[in-house]
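Residue-level structure breakdown
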Amino acid sequence: MALKKKKTLSGGSVLKVKASVAPLNFGTQWQYVEALEGSDHVKIEPKYGLFIDGKFVEPHSKKYFDTINPANEKVLSKIAEADAHDVNLAVEAARRSYDNVWSKMSGKERGKYLFRIARIMQERARELAVVETLDGGKPIRESKSVDIPLAAAHFFYYAGWADKLEYAFSGRSPRPLGVAAQVIPWNFPLLMAAWKIAPALATGNTVVLKPAETTPLTALKLAEIFQEADLPPGVVNIITGFGATGAELVSHKGVNKVAFTGSTEVGKKINRAILGTDKRITLELGGKSAHLIFEDASIDQAVEGIVNGIFFNQGHVCCAGSRLLVQESVEKIVLRKLFDRMQTLAVGDPMDKNTDIGAINSHEQMKKIEGYIASGKTEGAKLFQTSCRLPSKGFWAKPTVLSEVAQSFRVVQEEIFGPVLTVQSFRTVEEGIEKANNTPYGLAGGVWTDKGSKIFSVSSHLRAGVVWANTYNKFDPTSPFGGYKESGMGREGGISGLLPYVQF
Ligand code: NAP
Ligand code: MG
């Protein structure tokens, strides 16, 4: 690490180190040198076609759009825009391969392909992590330690189920549904693709997947991996495009199953679009999840959990702990420790291994976050933001806390999907639970206390699909995930994640 001495006003000296995009600011005494992840080993093609029937092909419209790096706004590649004609070709390819190959193959053989895909993902993990970070803006540390290993783990896990489905549904004979249309968002691009594709293939279905327009690259890398793994053509087709492409896909009459992860607004549209058809559907939607910090909690541990729950990955997490509910007697100390900890968060170049908070995924999302912060202030919230400096190029947001908010504020009720935490206090357990449940969402929650009995009683009263106790944002392929209320329908992950893809 290159360290430079710098004279201070008082005549002493501090160690200063050069940083690239945003200097990582660790108070007045220290600045760390950039520790950039290399990207020379990564090949991003100047242009990507649609992955249909095992091959990359030109889109029917011949139209391409740019995918950019949100940390510096540079174009990474040109991406094909699929129209109705391409959607039809992809669904037909998936149907042919379902009828002729995949549904006839034994579970054991299907499992071998999934294991092979998982192993290649592991071999190419560094490349996938770099591409994920360049295309989406998340810190390389997270892509490397969370997104890519978990994505591979999902393929490994469901590979194991492929030849054991009769044990997953004992006494019943599960059969696949046919062609699955899967539409995913931009916050965990490869991981969401793995969540969707692995259980579908393990159960004998074929797939047409549409990644988000701002983060298509790792799905296209995954298509290369399917080629490398010799996955039979048409078993997975990847079509890129905008919302209209997703809408064409989910309403295509050749589709038997729709799996969507994204916003509640689009989830509702999709639900309406398929009403009256015999398509099966699962929806993984938005959230406004709460941390409940009780006075008997380990405060330092809880503060770390809060930071992890909302600030890492720029708050681009569906189950982000975006509301802090803290027992009144410890509110002051929790906030003091939280603000201190937030000041140490490094915001800047996502490719720097020291970075905690990377770039906001798109200009549109940055504007949405800024709009919510302004709305919170107008409604009367007190604002705290860290003193970090943001880079001039790219899309960024400072870690933000809005305290003194009321339950009715928009910032308390609506999903912001950025590094913005609201704070409310409560006195009794009942009041805490009541506030935690009082939003249209029900995706996740966090309970912080040293009393085991309180963990059980509070979590059983939270209307949330996942409740973490004395930790937050922990994922495992064996564990089901999904929401209550406007956070969705159905579960993904674990044995429960097989169910949406089978019939009896
Ligand atoms: P989004 O706007 O709903 O988009 C999700 C996907 O749907 C994208 O691929 C999008 O394409 C596509 N799409 C847009 N309009 C469509 C339509 N009418 N029909 C079919 N597809 C359409 O969500 P996002 O902004 O990408 O992602 C953020 C949201 O995802 C947040 O609300 C977050 O909570 C949620 N999320 C939920 C989970 C969960 O498991 N519950 C996990 C991750 C994220 P374009 O990209 O081209 O617009
Ligand atoms: Mg991009």
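The structure presented is a predicted model; accordingly, all values stated were derived computationally and were not measured.

Cut-offs and rules
- Residues numbered from 1 in each chain as written.
- Chains lettered and ligands numbered in written order.
- Predicted model: local features only at pLDDT ≥ 70, side-chain atom pairs only at ≥ 80, totals over all residues.
- Heavy atoms only, no water.
- Donors = N, O, S within 2.8 Å, 3.2 Å for Na, K, Ca; no water.
- Helix = DSSP H or I, 4+ residues; strand = E, 2+ residues; numbered from the N terminus.
- Buried < 20%, exposed > 50% of the residue type's maximum accessible area, 1.4 Å probe, protein only.
- Core = buried A, V, L, I, M, F, W, Y, C linked by side-chain atoms within 4.5 Å.
- Domains from an automatic or database assignment.
- Contact = heavy atoms within 4.5 Å.
- Pairing = 2+ DSSP bridges.
- Axes fitted to C-alpha atoms, helices over the stretch in contact; angles between N-to-C directions.
- 1 Å grid on protein atoms, 1.4 Å probe; cavity = no way out; pocket = protein on both sides within 12 Å on 5 of 7 lines; lining within 4 Å.
- Points joined across faces, edges and corners; volume = space filled by probe spheres on them.
- Nonpolar A, V, L, I, M, F, W, Y, C, P; charged D, E, K, R; others polar.
- Buried area = accessible area lost by both parts, 1.4 Å probe.
- Polar contact = N/O pair within 3.5 Å; in protein donor to acceptor, adjacent residues only side chain to side chain.

**Regarding the coordination of the magnesium ion (ligand 2)**
- Only T67 (OG1), I68 (O), D135 (O), D135 (OD) and T214 (O) from the protein coordinate the magnesium ion (ligand 2), and they sit 2.2 to 2.8 Å from it.
- Mapped onto the sequence, the donors of the magnesium ion (ligand 2) take the spacing T-I-x66-D-x78-T. Taken together, the positions of I68 in strand β8 (residues 64–69) and D135 in helix α3 (residues 125–136) put the pair 67 residues apart, joining distant regions of the chain.
- According to the relative accessible area criterion, I68 is partly exposed, its value standing at 28%.

**Some words on unusual backbone geometry**
- In the Ramachandran plot, E73 falls in the positive-phi region, its phi being about 65 degrees despite a non-glycine side chain.
- With respect to the helices and strands, the residue E73 is situated in the loop between β8 and β9 (74–80).
- Positive phi values are uncommon outside glycine, yet Q314 reaches one of about 60 degrees.
- Inspection of the secondary structure puts Q314 in the loop between α10 (299–310) and β17 (321–327).

**Observations concerning the nonpolar core**
- Counting residues in each nonpolar core, the largest one holds 105 residues, and the members touching the most others are I117, M121, F155, I197, F226, L324 and L338.
- Tallying contributions element by element places helix α6 (residues 189–202) first for this core, with 11 residues.
- Mapping this core onto the domain boundaries places at least three of its residues in each of domain 2 (51–67 + 81–285 + 487–503) and domain 3 (290–479).
- The residues contacting L338, other than those within four sequence positions of it, are V303, I306, V307, L324, V401 and L421.
- Counting 24 residues, the second largest nonpolar core, distinct from the first, contains V91, A94, V258 and L283.

**Some words on the sheet that holds β9**
- Spatially, β5-β9-β8 is the arrangement adopted by the 3 strands of the open sheet, whose pairing is mixed. Unpaired on one side and paired on the other, β5 (47–48) and β8 mark the two borders of the sheet.
- Two elements, β8 and β9, share 6 bridges in a ladder whose sense is antiparallel. Counterpart to T67 in the pairing with β9 is S77.
- Of the strands in this sheet, β8 and β9 are in contact with α3, which crosses β8 at around 100 degrees.

**Quick word on the layout of surface pockets**
- Empty space within the largest pocket amounts to approximately 1,200 Å³.
- Contributing to the lining of the largest pocket are 44 residues, with W186, F260, G262, S263 and V266 lying nearest its centre.
- It is helix α9 (residues 264–273) that provides the largest number of residues to the lining of the largest pocket, a total of 6 residues.
- Class assignment for the residues of the lining of the largest pocket results in 22 nonpolar, 13 polar and 9 charged.
- One number sums up the size of the second largest pocket: a volume of about 410 Å³.
- In terms of lining residues, the second largest pocket is bounded by 19 residues, among which E142, V146, F188, N308 and N473 are the most central.

**Regarding the domain arrangement of the protein**
- Along its sequence, the protein is carved into domain 1 (2–32), domain 2 (51–67 + 81–285 + 487–503) and domain 3 (290–479).
- Each of domain 2 and domain 3 has a C-alpha centre, and these two points are 30 Å apart.
- Listed per partner, the contact involves 29 residues of domain 2 and 29 residues of domain 3.
- When domain 2 packs against domain 3, close to 2,300 Å² is buried across both sides, 59% of that on carbon and sulfur atoms.
- Taken as a group, R141, W186 and S487 account for 25% of the area that domain 2 buries against domain 3, more than any other trio of residues on that side.
- In this structure, the connection of domain 2 to domain 3 is made through 10 residue pairs in polar contact (both at pLDDT 80 or more).
- Elements that contribute at least two residues to the side of domain 2 that touches domain 3 include exactly α3 and α4 (140–161).
- Of the residues forming the side of domain 2 that touches domain 3, the biggest block, 9 residues, is contributed by α4.
- When grouped by side-chain class, the residues that make up the side of domain 2 that touches domain 3 number 12 nonpolar, 11 polar and 6 charged.

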